[in-house]
Amino acid sequence: MMLMPDVVQRCETRFGIRVTEPLSPGSQVFLATAANTDLVLKIGRDEAEVVREVDTLQAFYGSGAVRVIDYDGALPALLLQRAVPGIPLSSITDDHQATEIFCSVFERLEPRTTTGPHESIEDHVSAIDRYQKARPTGGPLPASWVDCAWDYLNGLLTSTDHPVLLHGDLHHDNILRHQDAWLVIDPKGIMGEIERVRIRERFQVERPLIVGHTQTHFKVAGFKGNAILLCHQVCPVDDSRHK
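Everything in this summary refers to the structure shown in the same document. (Residues numbered from 1 in each chain as written. Predicted model: local features only at pLDDT ≥ 70, side-chain atom pairs only at ≥ 80, totals over all residues. Heavy atoms only, no water.)

1. Concerning the side chain of His167
Selection rule: The helix count covers DSSP runs of H or I at least four residues long, the strand count covers runs of E at least two residues long, and both are numbered beginning at the N terminus. The definition of a polar contact used here is a pair of N or O atoms within 3.5 Å, where within protein one atom must be able to donate a hydrogen and the other to accept one, and adjacent residues in sequence count solely through side-chain atom pairs. What makes two residues a contact is simply this: any of their non-hydrogen atoms within 4.5 Å.
Along the chain, the position of His167 falls in the loop between strand 8 (164-166) and strand 9 (175-178). A distance of 3.2 Å separates a polar side-chain atom of His167 from the backbone nitrogen of Leu170. Excluding residues within four positions of it along the chain, His167 makes contact with Phe60, Asn174, Val184, Ile185, Asp186, Pro187, Lys188, Gly189 and Ile190.

2. Topic: the packing of aromatic side chains
Applicable threshold: Here is the rule: rings of Phe, Tyr and Trp (six-membered ring for Trp) pair when centre to centre is within 6.5 Å. Planes less than 30 degrees apart are stacked, more than 60 are edge-to-face, and the remainder are tilted.
This model, assessed by the stated rule, comprises 1 aromatic pair. Plain terms: the ring middles of Phe102 and Phe106 are 6.4 Å apart, the flat faces sit at 20° to each other, and that makes the pair stacked. With Phe102 and Phe106 both in helix 3 (residues 95-108) and 4 residues apart, the pair spans about one turn of that helix.

3. Some remarks on unusual backbone geometry
Note the cut-off: To sort residues, take the accessible area from a 1.4 Å probe on protein chains only and compare it with the maximum for the residue type: under 20% means buried, over 50% means exposed, and anything in between is partly exposed.
A cis geometry characterises the amide bond from Leu75 onward to Pro76, with omega recorded as -10°. Of note, Pro76 is situated in the loop between strand 4 (68-72) and strand 5 (77-81). Notably, Asn36 is not glycine yet its phi reads approximately 60°, a positive angle. Note that Asn36 resides in the loop between strand 2 (29-34) and strand 3 (37-43). Taking relative accessible area as the criterion, Asn36 reaches 83% and is therefore assigned exposed. At Asp186, a residue that is not glycine, the phi angle is positive and equals roughly 50°. As for its placement among the helices and strands, Asp186 is situated in the loop between strand 10 (181-184) and strand 11 (190-192). Classification of Asp186 as partly exposed rests on a relative accessible area of 25%.

In structure tokens form, the structure reads like this:
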């Protein structure tokens with residue numbers, strides 16, 4: 001997305017801030033200050049995206065999300081609390097430590113109800129259907145994988161009775177260190193069902209996936225019903241240990 005030349009200046013005027021620099025070259029996220037307070041200015045694609053993100057962050061505020069200072073859907077932009085020092089969880093090289101932190105952050109994000117304009121899980125997984133229709137003779141992924149994923153997702157969707165607000169994009173780069181805590185950023189705000197299951201112990205599995213000449217390692221922390229199901233697809237797990 002290309003910024004209009006004056007959009008940052010209009011944000012400065014609207015929010016009463018001074019923008020110092022982009023978070024990274026070409027980024028739509030900027031470091032800013034106001035009254036000796038460090039802030040973050042984020043430019044959205046459109047008003048709907050900004051409203052969804054604001055609604056999600058406000059719903060999870062107090063449970064581990066950054067605070068929304070102000071927003072303007074017409075710009076469209078939102079002003080956020082800056083996490084300090086703001087290092088991402090992905091910077092932690094100790095896999096066990098990073099997994100423990102991820103689990104603790106995820107546990108804090110209790111599912112919420114909302115009347116906000118959020119997309120559903122169905123809206124997102126429909127991408128698989130579009131993928132299949134666009135590649136009737138096959139694509140980069142083995143057809144058996146795509147068919148299997150679609151079958152499992154359809155089964156999950158038909159069992160969804162009580163959709164709640166979910167982060168929608170929780171990964172290590174969207175979890176930032178703030179003083180002695182960790183906060184989540186950049187939620188997609190998706191409505192779906194999350195199965196709450198008590199697990200006596202946390203575990204992780206690792207298994208390489210070979211696609212062409214690329215090897216990817218999957219690590220799954222099993223502390224929620226959905227994560228356990230995913231873990232089943234990646235690597236067999238002894239269910240009796242986690243009932």
